[in-house]
Amino acid sequence: MQLTDEEIAAMTPQERRELIVRLAPRPPGLPSRRTIDRIRKWRTVLMLVCAAALIPWTVYLAATLPSHYVARNWVATWVGFDILLLTMLVLTALAGWKRKQFVFPTAFASGVLLICDAWFDVMTSQRGGDLTQALLSALLVELPLAVVLIAGPLRLLRYIAIRHGMIHPDSRLWRMPIPIPDLYADHKVPPPN
């Protein structure tokens, strides 16, 4: 059977999605539906347990940590952090330049590291010129770059899902389902809520 461009254009978005799903081969190595459900359940439980444990831990730290502390390995800590950030930025640049999907996790991680860097620079700076420099660096460089590094790949993920007919173009990113039919009981990607 051969479909013309006109026949495809006449299809409803739902018909196109169904056609794409039928034509797309099942990825090799994709676990069974039961395994996917079990992994999803345990990872969700793990994240909720960690979040619940973090609440009393944060309260404990707020009550017990000293307001002033001289840190060991200060130089190694910051140089190590900057090496990690540099590595992620280089990996992001290479993945973007070569148009590889690896850009999604590296860009997101780079953005998060830049937010952390801005936070710690500002919070550990002495009042005066040191704090001014940290604030300017955070507001003019680190945070804007973090937004670009996080928002760009997320927008691209959304565009890919729209392009492949898996979601409606009006779908918001935070409501976008994972566009792999094998993840759902009825093997259909649910519409965004």
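Please refer to the structure placed before this passage.
Figured I'd write up the structure that's included with this text. (Residues numbered from 1 in each chain as written. Predicted model: local features only at pLDDT ≥ 70, side-chain atom pairs only at ≥ 80, totals over all residues. Heavy atoms only, no water.)

Concerning the overall build of the chain
Worth spelling out the cut-off: Going along the chain from the N terminus, every DSSP run of H or I of four or more residues is numbered as a helix, and every run of E of two or more is numbered as a strand. Note on method: radius of gyration uses C-alpha positions; expected globular size equals 2.2 Å times residues raised to 0.38. Only protein chains enter the accessibility calculation, which uses a 1.4 Å probe; a residue whose area is less than 20% of its type maximum is buried, one above 50% is exposed, and one in between is partly exposed. Contacts were defined at the residue level, with two residues in contact if any of their heavy atoms lie within 4.5 Å. When charges are counted, Lys and Arg contribute as positive and Asp and Glu as negative, whereas His and the chain ends are disregarded. Taken as the charge location is NZ of Lys, CZ of Arg, CG of Asp or CD of Glu.
Per the secondary structure count, the chain includes six helices and zero strands. Seen in sequence order, the chain has helices and strands lined up from the N terminus as α-α-α-α-α-α. Relative to its length of 193 residues, the chain is extended, with a C-alpha radius of gyration of 23 Å against a globular reference of 16 Å. Evaluated residue by residue, the chain yields a buried proportion of 21% over its 193 residues. Intrachain contacts of the chain at a sequence separation of at least 6 include 50% that bridge at least 24 residues. Each charge class in the chain can be summarised by its mean position, and for the 21 positive and 14 negative side chains these summaries are 6 Å apart.

Quick notes on the nonpolar core
For the record, the criterion: Residues belong to one nonpolar core when they are buried, are Ala, Val, Leu, Ile, Met, Phe, Trp, Tyr or Cys, and are joined through side-chain atoms within 4.5 Å.
Formed by Trp-78, Phe-81, Leu-85, Met-88, Ala-95, Val-103, Phe-104, Ala-107, Leu-113, Leu-114, Ala-146 and Leu-149, the largest nonpolar core amounts to twelve residues. Listed by contribution, the elements that provide at least two residues to this core are helix H4 (74-97), helix H5 (103-124) and helix H6 (129-163). Contact partners of Phe-81, with chain neighbours within four places excluded, come to Leu-113, Cys-116 and Asp-117.

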